Amino acid sequence: MTGKAKPKKHTAKEIAAKVDAATTNRGGGKAGLADRSAQDKGGHAKLECPLCKVTAPDVKSMQIHHEARHPKIPFDETKLNNLHATTSVTESSKPKPGVRGSLKK
C-alpha cells in the first residue's frame, strides 16, 4: 500500500522511452515537411495512381493498391506517374490568402 505523500516512481524503461520519443526525429512538423511534400529528395511518395491519384512509395505498394482498388483494370507499370521526375520546386510570387474568420463575434 502506498501512502498519500509517497510519489509513484517511474521505471527506467518508461523514462528511456520518453527520452527516445523526445530526441528522435520522426519526420514530423516543419522539420519533415520537405521530406513529406515531394520537394528536395522527392518525399515519400514516388508513384501516383493514374486512376485515383493515390500515391505510393514503390511499385510493389502501387501494385497492391491497384489489385485492391481497381481489380477489373489490368495493372500496367508504364502508366504510373513518377512524382520524382515531374516535381520541381517553384516559389510563387503571389501570397496565399489567409483564412478569414467569422464576422459574427
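Residues numbered from 1 in each chain as written. Predicted model: local features only at pLDDT ≥ 70, side-chain atom pairs only at ≥ 80, totals over all residues. Heavy atoms only, no water.

**Digging into the overall build of the protein**
Where we set the bar: Put simply, DSSP marks the helices as runs of H or I at least four residues long and the strands as runs of E at least two long, and each gets a number from the N terminus on. Classification of residues uses two cut-offs on accessible area relative to the type maximum, computed with a 1.4 Å probe and protein chains only: under 20% is buried, over 50% is exposed, and between them is partly exposed. Contacts were defined at the residue level, with two residues in contact if any of their heavy atoms lie within 4.5 Å. Each accessible area value is a Shrake-Rupley result obtained with a 1.4 Å probe; residue values ignore everything except the protein chains displayed when judging cover.
The helix and strand tally for the protein stands at 4 helices and 3 strands. Along the protein, helices (α) and strands (β) appear in the sequence α-α-β-β-α-β-α when read from the amino end. Expressed as a percentage of its 105 residues, the buried residues of the protein come to 14%. Partitioning the contacts of the protein with sequence separation of at least 6, the portion at a separation of at least 24 is 36%. Per element, the accessible surface of the protein, about 9,400 Å² overall, is 56% carbon and sulfur.

**Here's the deal with the side chain of Glu 48**
Filter applied, for reference: Charge assignment in this entry is limited to Lys and Arg as positive and Asp and Glu as negative, and neither His nor the chain termini are counted. In the sections that follow, a salt bridge refers to a side-chain nitrogen of Lys or Arg positioned within 4 Å of a carboxyl oxygen of Asp or Glu.
With respect to the helices and strands, the residue Glu 48 is situated in strand β1 (residues 47-48). In this structure Glu 48 is buried but unpaired, with Lys 53 as the nearest side chain of opposite charge at 4.5 Å. For Glu 48, the contacting residues outside a window of four places in its chain are Lys 53, Val 54, Thr 55, Met 62, Leu 80, Asn 81 and Leu 83.

**Re the environment of Asn 81**
With respect to the helices and strands, Asn 81 occurs in strand β3 (residues 81-82). For Asn 81, a relative accessible area of 28% gives the class partly exposed. Between the alpha carbons of Asn 81 and Cys 49 there is a distance of 6.7 Å; along the sequence they are 32 residues apart. Ignoring anything within four residues of it in the chain, the contact list for Asn 81 reads Lys 46, Leu 47, Glu 48, Pro 50 and Lys 53.

**Section: the sheet that holds strand β2 (residues 55-56)**
Convention followed: What makes two strands pair is DSSP finding at least two bridges between them.
Within the open sheet, the 3 strands sit side by side as β2-β1-β3. Their pairing is antiparallel. Both outer strands of the open sheet, β2 and β3, are each paired with one neighbouring strand and no more. Here 2 bridges tie β1 to β2, and the two strands are oriented antiparallel to one another. Paired with Leu 47 across the two strands is Ala 56, which belongs to β2.

**Describing helix α3 (residues 59-69)**
The cut-off we apply is this: The arc in question is formed by the directions pointing from the helix axis toward the C-beta atoms.
Those residues of α3 not exposed but buried are Met 62, His 65 and His 66. End-on view of α3: buried residues confined to an arc of 100°, all on one side of the axis. Seen from the open side of α3, the exposed residues pointing more than 90 degrees away from its buried face are Lys 60, Ile 64, Glu 67 and Ala 68. Contacts from the buried residues of α3 go to β1 and β2.

**Some points on the environment of Ser 61**
Note the threshold: Residues adjacent in sequence count toward polar contacts only when both atoms are side-chain atoms; beyond that, a polar contact is any pair of N or O atoms within 3.5 Å, and within protein one must be able to donate a hydrogen and the other to accept it.
By secondary structure assignment, the location of Ser 61 is in helix α3. With a relative accessible area of 30%, Ser 61 lands in the partly exposed category. When the C-alpha positions of Ser 61 and Leu 47 are compared, they lie 9.3 Å apart, and in sequence the two are 14 residues distant. Here the side chain of Ser 61 touches Asp 58 through a polar contact of 2.6 Å, side chain to side chain.

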